[in-house]
Each structure stands twice: as structure tokens, then as C-alpha cells.
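Summary of structural features
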Amino acid sequence: MRRRNFLLSAASVAALPVLGGAQDMPDAKTIGAQVRDEFLHAWNGYKQFAWGSDEVHPVSGTATDFFVKGHSFGLSIIEALDTLYVMELDDELASCVKWLQAHLDFDIDGNVQMFEAVIRMVAGLIAGYYATGERFMLDGARDLADRLLVCFTKSPTGAPYRYANLHTGAVSDPKSNLAEIGSNILEFGDLSRLTGDSKYMQASMRAYQAVIDKRSHLDLLGTNFDIERGMFLDPVDVAPDEPADSFYEYLWGGWQMLGVEQSRAWYRTLTDALLKYKVTHVSGNLWFREVDYRTGAPAGDTQITELSSFYAELVAKGGDRAVGEAFYDSWTNVLDTYTLIPEVIDYQTLAIVDPAYGMRPEYPNSAFDLWFLTGDPKYRATAYQYFTALRANCRVPNGYTVLKDVRTRPMTLGDHFPAYSFSENFKYLYLMFAEPSRFDSAHYYLNTEGKVLRGLRD
Ligand code: DMJ
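The structure reproduced in this document is the subject of the present report.

The rules behind these values
Residues numbered from 1 in each chain as written. Predicted model: local features only at pLDDT ≥ 70, side-chain atom pairs only at ≥ 80, totals over all residues. Heavy atoms only, no water. Near = heavy atom within 4 Å. Polar contact = N/O pair within 3.5 Å; in protein donor to acceptor, adjacent residues only side chain to side chain. Areas by Shrake-Rupley, 256 points an atom, 1.4 Å probe, with all protein chains shown as cover. Nonpolar A, V, L, I, M, F, W, Y, C, P; charged D, E, K, R; others polar. Core = buried A, V, L, I, M, F, W, Y, C linked by side-chain atoms within 4.5 Å. Buried < 20%, exposed > 50% of the residue type's maximum accessible area, 1.4 Å probe, protein only. Contact = heavy atoms within 4.5 Å. Helix = DSSP H or I, 4+ residues; strand = E, 2+ residues; numbered from the N terminus. Expected span 1.5 Å × (residues − 1). Phe/Tyr/Trp six-rings, centres within 6.5 Å; stacked < 30°, edge-to-face > 60°. Lys NZ or Arg CZ within 6 Å of the ring centre and 35° of its normal.

The subject of this paragraph is the site of the ligand. Lining the immediate environment of the ligand, one finds Arg120, Leu307, Arg360, Pro361, Glu362, Tyr420, Glu424, Thr448 and Glu449. Note that an oxygen atom of the ligand is positioned 2.6 Å from one of the side-chain N or O atoms of threonine 448. Protein coverage of the free-state accessible area of the ligand, which is 290 Å², stands at 92%. In terms of residue class, the shell around the ligand is built from three nonpolar, one polar and five charged.

What follows deals with the nonpolar core. The tendency in soluble globular proteins is for nonpolar side chains to be buried side by side. In this structure, Leu148, Phe247, Tyr248, Trp287 and Phe426 are the most contacted members of the largest nonpolar core, which totals 159 residues. When near neighbours in sequence (up to four residues on either side) are disregarded, phenylalanine 426 contacts Val35, Glu38, Phe39, Ala42, Met87, Met359, Leu390, Tyr400, Phe417 and Ser421.

With that out of the way, let us pick up helix H12 (residues 261-278). In a regular helix each residue adds 1.5 Å, so 18 residues correspond to 26 Å; H12 covers 25 Å between its end C-alpha atoms and thus fits that length. Among all positions in H12, only Ser263, Trp266, Tyr267, Leu270, Thr271, Ala273, Leu274, Leu275, Tyr277 and Lys278 are buried.

Once that is clear, we can look at the packing of aromatic side chains. In total, this model carries 39 aromatic pairs according to the counting rule given. Centre to centre, the rings of phenylalanine 39 and phenylalanine 426 are 6.1 Å apart; their planes meet at 75°, and the pair counts as edge-to-face. Separated by 387 residues along the polypeptide, phenylalanine 39 in helix H2 (residues 28-50) and phenylalanine 426 in helix H18 (residues 425-434) bring together distant segments of the chain. Residue phenylalanine 39 shares its accessibility class with phenylalanine 426, and that shared class is buried. An angle of 85° between the planes, with centres 5.9 Å apart, marks the rings of phenylalanine 67 and phenylalanine 73 as edge-to-face. Like phenylalanine 67, the residue phenylalanine 73 is buried in the burial classification. Each residue in the set Phe39, Trp43, Tyr46, Trp51, Tyr400, Phe417, Phe422 and Phe426 is aromatic and connected to the rest through ring pairs, giving one cluster. Directly above the ring of tryptophan 255 sits arginine 264, whose terminal nitrogen or CZ lies 3.8 Å from the centroid.

Encoded structure:
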């Protein structure tokens, strides 16, 4: 899945000329306006080449489906709803509402990945409902959740299958992982609250229970889990890296957003073990090592993905602020070294393992939450550094694109704008600089895909 090999030392890449990087910062409002302009630049590319499709490929000017080959759900539209709202792009939002009213339909004969459908589309429609008050969006979120619920109800353990056919209700793929099993309590808990039907919340809690019951005597978890046999498939615990990452994020969210005491207790128990056995320091940087969940002994390898950088904000929000701030600083060192954070590095040497950059939002996600948590200007400065690097290296005439290689100069372009970037990167940056009136920065909660489930204001 991850972990390809393209080793190049940190020193040799640092010697290359860079575009972007630290520089004098304009005032926050000016940066907020720049971020909004750049979001619009990406959005216009989507509208021009892919309107109604799931995702745009802005270099070739083409479009693709994300979930089911041959059918698009308008994923980018769903992902963008609350971003358009907070940015006060109301005409654009009205076009999205119109498109969804005409096309939203989940009665599709295709296998859909439950995890991605929940964090992107169920959450996107709930956030869209909060943003617009359009009841059909809540009905759509509920209809989709009902079609996905078979992943949970057909499982002998309660931990969900990975795929559901939205038309037939057939389920498939029992070999799952922590993130896919445990990243639904925010959406399902909110749906239970909004609809008065507790079945969604119950499904999430049962899924958590099935996995957490299998923790070791050290309170550590494995990573990949057979949901039919109720057992971990291998002993390596990669947390907080993917594919464990948002399992922990949602445990905390179950408490902070929904007030579920059990969720807080689980978060605390598992996080205490994670911090006890997994924190490691290398050359002044704090990282998390892979361990055998049964013994706590080092296992696996010393590679870590950019996706884990979200954990800086989570562990800080959860009460371990010093760990979160130190982990953020580690990733800032990677940003300083490579201008943008490559997909995979070796934390022993900071050498690149996979040089691609998938427009990943996890580092600015941490900057955003840590800024509102601490008020430390360092988070704005580094977020601005990230933004200028993004703009300098990922911007193309018709939008923004992922990169194939951050080591070359210029960086090597890919041809894809992931739908999550309509929901995440630009939104985090905009909220922390523009401080828009439609967002309550003192009381908010975003899901793992950047959907604002708490904190939207009229
Ligand atoms: C997003 O889909 C979500 O943030 C998810 O939790 C994992 N990361 C991707 C983007 O990198």
C-alpha cells in the first residue's frame, strides 16, 4: 500500500534550489484572501473540466469517478459544500445545491468503500445541511448511511466489512484496519442525534468494542483486523500512522463532539499506552515507532507517512500538548528540508522513501487546530510557509495538482486534484487566517475529512 523506495538523503535534497519556503508574511486578512483566491482557482478547474464528476485531473483536463467505475456521485461538489459556505462563495454554493437536487442518488449497483463514503459523503452532506438548511441533504446522508449500515449489521463481530453494494446490500472484504473500522462515530452519532434513531450510534460503538476488546495486556492494538474472525491479522502497531490514524481521532471526537464518556475512557487508555511504548526521539525530533502490540518491543520499520502528522493536533487536543507540539516541530523540520512534505520518509535519517506529494492536508490540519488551541504565532507562520510552497509548486493553469516528485526542480507534476483538498487544505488555511464570521473558532469540531460538523454560524 505505502512504502516505496526512492531513498535520497535529506542533505542532497536540501542543496536543491526551492520555490516557496519561509518568507515575510502579509497580514492575516490578506493571506485569507489569497487562500480564497487559490481555492477558487482550483474550483474553477473542476467546474471547467469535471463538473458533476467525482474528481478533476487539471493538467489533462479530464475527470474520473472515485467510488464506482462508470458512476460519479459529484464527490468534489459534496466535499466543497461547507468550504464554499465559510468562504461566502454563495453563488457557487447555490450551483452545488441545484446540481445535488437534480442528481443525488445512492441507489447504485456498485461496491462502495464504507469508510470513504462515510467520512466524505455522509459527513459532507451533513455539513452541507448545516450550511444551507437544505433538508434533502440530511435525507441523502441518512439514505447513504442506511445503505452502508449492512457493513456493520451483517458482520458477526460488529466490526464492519469494507464494502457494501448500495443497491443489493451485499457486503465484501472482511480484512480491514483500524481507521476503516473506527472512523464513523462522528457521522453516525450526529445522524442518530439529528434523526432520533439510535441505530447509527449503536453500530459505531459495537464496532469500537469489537476491536478494543482485542487489545493486548499493554493496551496496545494491532493494525489490520479480520472482522469475521475478530482478530488482528499481524502484530505490528503502526499508530498513529495510517491505516490506524483516524481510529484515535474519532475516539476523542466521540467525547469532545458528542459527549460519549466511553469514548473518552477508551481514548485515554489507548493513548496512554501509545505514548508509553511508541514515542521515540531521534536527533531532537519526536516520532512514533512501530511496535509489536503484544510486547511493546520495536517491530516493523522506521518509515512514517505524512498522514501521521495530523496526530500533532489530536494528541494536543486530547491533553498531551507538549507531545503534540514536539511532533508538529518534527514535521516542520521535514517541511523545511523538502519544501513540501513527501508521502513517506524514514524518521531515522529524514531520507525520502516516497517522493510524491498527494496534496495531503494533514500538516495544515495540525497547524489549524494548534493555532486555535495555543494562539502561538508559530502555527500561522508555518502554515503560511506551507501555503506559499503549495502555491509555488502545485499550481497549474487549470487548478492545482498532486506532485510525483518533490525532489526535482521544478517539482514533477502529477495530474490529479484529490476531492479532499476541496474540503481540507484550503479550508484549514482560510479559517486560521481569514477568521470568517461564519465560523465559530471557539466551539468547533471537524471530522477527519475537514467537514465542519460543529462551528458553522449564520
Ligand atoms: C483524507 O481523506 C482524510 O483526512 C483521511 O482521514 C486520511 N487522509 C486523507 C487525505 O490525506
